[in-house]
Amino acid sequence: VQLQAFGGGLVQAGGSLRLSCAASGGTFSRYSMGWFRQAPGKAREFVAHIRSTGGHTYYADSVKGRFTISRDNAKNTVHLQMNSLKPEDTAVYYCAAASGMILSMVRRDDGYEYWGQGTKVTVSS
């Protein structure tokens, strides 16, 4: 499956952005989807995850209550709504897809088989 993330940009602290990830080349509804991010000089970190049916979601503590992951299986897309953005949210955001995901791997980047190219988010103070 091929993934393409988009929707990043420059926003002031306290603002909002909505990232999207379009999938092609596979049966999207079979994949659990995740968002990760990588800030300059830092390791890639987990942000959010949604199960294949959309029934369960998981978030990093740092974004819980501010970010919302959702998916539209009819349109082969997953979204990340980011509110109350902070400068520390500045990073390149990646979407990823996993088949056969188990709970212990949700927050690990090696649990995902397919990755998009990333979209840059910059939050100014």
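Residues numbered from 1 in each chain as written. Predicted model: local features only at pLDDT ≥ 70, side-chain atom pairs only at ≥ 80, totals over all residues. Heavy atoms only, no water.

(A) Inspection of the nonpolar core at higher detail. Ranked by size, the top nonpolar core spans 39 residues in total, and within it M33, W35, L80, M82 and Y93 carry the most contacts. For this core, the element with the highest residue contribution is strand β9 (residues 91-98), accounting for six residues. Beyond its immediate sequence surroundings of up to four residues, Y93 is in contact with A5, L19, W35, F36, R37, V47, F67, L80, M82, G118, T119 and V121. (Core = buried A, V, L, I, M, F, W, Y, C linked by side-chain atoms within 4.5 Å. Buried < 20%, exposed > 50% of the residue type's maximum accessible area, 1.4 Å probe, protein only. Helix = DSSP H or I, 4+ residues; strand = E, 2+ residues; numbered from the N terminus. Contact = heavy atoms within 4.5 Å.)

(B) Layout of the packing of aromatic side chains. Under the criterion given, the structure shown has five aromatic pairs. Plain terms: the ring middles of Y31 and Y114 are 5.8 Å apart, the flat faces sit at 85 degrees to each other, and that makes the pair edge-to-face. With Y31 in the loop between β3 (17-24) and β4 (32-38) and Y114 in strand β10 (residues 114-115), this residue pair connects regions lying 83 residues apart in the sequence. Overall, the relative accessible area of 13% leaves Y31 in the buried class. Between F36 and F46, the ring centres sit 5.7 Å apart and the planes meet at 75 degrees, which makes this aromatic pair edge-to-face. With F36 in strand β4 and F46 in strand β5 (residues 45-50), the pair connects residues that are ten residues apart, well separated along the chain. The exposure class of F46 is buried, given its relative accessible area of 8%. Members of the aromatic cluster, joined through ring pairs, are F36, F46, Y112 and W115. When the ring centre of F28 is taken as origin, the NZ or CZ atom of R71, which lies over that ring, is 4.4 Å away. (Phe/Tyr/Trp six-rings, centres within 6.5 Å; stacked < 30°, edge-to-face > 60°. Lys NZ or Arg CZ within 6 Å of the ring centre and 35° of its normal.)

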